[in-house]
Number of protein chains: 2
Amino acid sequence: MKNIRKRNPSSDAAEIIHRRYYEGRPQRLAELAEAEANDTVARKIYELRKRADLTQEQLAKLVGTTTSVISRLEDADYEGHSLAMLRRIAKALNKRVELRFVNASRRTKVA
Amino acid sequence: MKNIRKRNPSSDAAEIIHRRYYEGRPQRLAELAEAEANDTVARKIYELRKRADLTQEQLAKLVGTTTSVISRLEDADYEGHSLAMLRRIAKALNKRVELRFVNASRRTKVA
DNA sequence: AGCAGATTTCGCAAAATTGCTAAAGAATTT
DNA sequence: AAATTCTTTAGCAATTTTGCGAAATCTGCT
């Protein structure tokens, strides 16, 4: 996951937050579900991978691609995700992609 | 929206259901929100367009493309949707795309 | 500082999606 | 049933995404 402004510090905000709040604290992980709804796709993938405790290389292998591809997908600036790729990632992590069209302004809360 | 088995009858299941249950019956429309969560992307787009009471041509114009593209996106067999296109459609209809990775088996209910 | 692991970036080829036109097929209206 | 509107299909070009390897950058550890 690449930070927006800084060049290439894997010590970016998301990484810091992850370490501080989630690493080794199972109860915190539950909170992620809520926060995720407002996140970018790139960050969702990043969080998903972190929660599964995988390196990009490990996820890449599961998905059937390379680390450079995973890195690109986790790049906040990248906008070119395909549903097909998102599904491949989901499948690799025993998830499934759920998609909805919701009214532009309102944010729907999830049960 | 193309049916899976029949060749090209726009009198396919979805179309029939639409006419029978939704056309001119506002209260029925609410039920769509629930059903949609389990639908394919293709059908979501179709339902979205129908609820907006638009022809493929009208939607195409709003999105900035042609009817053939819309038709393809509504084809149940088509799997090549990109997030970018889904967002263009959402934007045209004053919606936004919400995406989640959920556990493979369970279906999350929406508020 | 040095080392090993992890992530990012670059460049180009391959594959997939979109853009578009025209024509055929189907549904609706008159 | 003829006319009109709507949708699907086909083909190909243009654009975009993916695939992939190698080098560069960054992190954590000793």
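Residues numbered from 1 in each chain as written. Chains lettered and ligands numbered in written order. Predicted model: local features only at pLDDT ≥ 70, side-chain atom pairs only at ≥ 80, totals over all residues. Heavy atoms only, no water.

Let's talk about the overall build of chain A
Next, step 1: Across its full length, chain A holds six helices and one strand.
Next, step 2: Reading chain A from its N terminus to its C terminus gives the helix and strand order α-α-α-α-α-α-β.
Next, step 3: Residue pairs in contact within chain A that sit at least 24 positions apart in sequence constitute 49% of those at least 6 positions apart.
Next, step 4: Counting every atom, chain A has about 6,600 Å² of accessible surface; 47% of that belongs to carbon and sulfur. (Helix = DSSP H or I, 4+ residues; strand = E, 2+ residues; numbered from the N terminus. Contact = heavy atoms within 4.5 Å. Areas by Shrake-Rupley, 256 points an atom, 1.4 Å probe, with all protein chains shown as cover.)

Section: the pairing of strand β1 (residues 95-103) of chain A
Next, step 1: Most of β1 of chain A sits out of view: seven of its nine residues are buried.
Next, step 2: Note that β1 of chain A and strand β1 (residues 95-103) of chain B share nine bridges and pair antiparallel. Each residue of the ladder has a partner; that of Arg96 of chain A, found in β1 of chain B, is Val102 of chain B. (Buried < 20%, exposed > 50% of the residue type's maximum accessible area, 1.4 Å probe, protein only. Pairing = 2+ DSSP bridges.)

Some remarks on the pattern of salt bridges
Close approach of charged atoms lets side chains of opposite charge pair.
Next, step 1: The full count for this structure, using the stated rule, is eight salt bridges over all chains.
Next, step 2: For Arg100 of chain B, the salt bridge is made with Glu98 of chain A, and the minimal N-O distance between the two is 3.0 Å. Placement of the pair is Arg100 of chain B in strand β1 and Glu98 of chain A in strand β1, with the two residues belonging to separate chains. Residue Arg100 of chain B shares its accessibility class with Glu98 of chain A, and that shared class is buried.
Next, step 3: Counted as one network, the salt bridges with shared partners bring together Arg96 and Glu98 of chain A together with Arg100 of chain B. (Salt bridge = Lys/Arg side-chain N within 4 Å of Asp/Glu carboxyl O.)

Some points on unusual backbone geometry
Residue and element names in this part refer to chain A.
Next, step 1: One non-glycine residue, Asp53, lies in the positive phi region at around 60°.
Next, step 2: By secondary structure assignment, the location of Asp53 is in the loop between α3 (41-51) and α4 (56-63).
Next, step 3: Within the chain, Asn94 stands out as a residue other than glycine whose phi angle is a positive 60°.
Next, step 4: What makes Asn94 exposed here is its relative accessible area of 55%.

Observations concerning α3 of chain A
Residue and element names in this part refer to chain A.
Next, step 1: With eight of eleven residues buried, α3 lies mostly within the body of the structure.
Next, step 2: Within α3, the full set of buried residues consists of Val41, Ala42, Lys44, Ile45, Tyr46, Glu47, Leu48 and Arg49.
Next, step 3: Of the residues flanking the end of α3, it is Asp53, one or two places downstream, whose phi is positive at about 60°.

Description of the environment of Ala92 of chain B
Next, step 1: Mapped onto the secondary structure, Ala92 of chain B falls in helix α6 (residues 83-92).
Next, step 2: It is 11 Å that separates the C-alpha atoms of Ala92 of chain B and Leu54 of chain B, two residues lying 38 residues apart in sequence.

Some thoughts on the environment of Thr66 of chain B
Residues and elements named next belong to chain B.
Next, step 1: Within the fold, Thr66 resides in the loop between α4 (56-63) and α5 (67-73).
Next, step 2: Taking the C-alpha atoms as reference points, Thr66 and Gln56, separated by ten residues in sequence, lie 8.0 Å from one another.
Next, step 3: Among the polar contacts listed, one links the side chain of Thr66 to the side chain of Ser68, at a separation of 3.1 Å. (Polar contact = N/O pair within 3.5 Å; in protein donor to acceptor, adjacent residues only side chain to side chain.)

Focus: the nonpolar core
Soluble, globular proteins show a tendency: their nonpolar side chains are buried together.
Next, step 1: Core analysis: the largest hydrophobic core is formed by 38 residues, its most contacted members being Leu86 and Ile89 of chain A together with Leu83, Leu86, Ile89 and Leu99 of chain B.
Next, step 2: When neighbours within four sequence positions are excluded, Ile89 of chain B is seen to be in contact with Ile45, Leu48, Val63 and Leu73 of chain B. (Core = buried A, V, L, I, M, F, W, Y, C linked by side-chain atoms within 4.5 Å.)

Section: the environment of Ala92 of chain A
Residue and element names in this part refer to chain A.
Next, step 1: Ala92 sits in the partly exposed class, given a relative accessible area of 24%.
Next, step 2: Sequence-wise, Ala92 and Gly64 are 28 residues apart; in three dimensions their C-alpha atoms are separated by 9.0 Å.
Next, step 3: When sequence neighbours within four positions are dropped, the list of residues in contact with Ala92 reads Leu62 and Val63.

Brief notes about the confidence of the model for chain A
Residues and elements named next belong to chain A.
Next, step 1: In the predicted model, chain A carries a mean pLDDT of 73, and 59% of its residues have values of at least 70.
Next, step 2: When the criterion is pLDDT under 50, residues 3-13 qualifies, and its contacts beyond four places in sequence or with other chains add up to eleven contacts.
Next, step 3: In the predicted structure, residues 23-38 sits below a pLDDT of 50 and forms 16 contacts with residues beyond four places in sequence or in another chain. (pLDDT = per-residue confidence, 0-100.)

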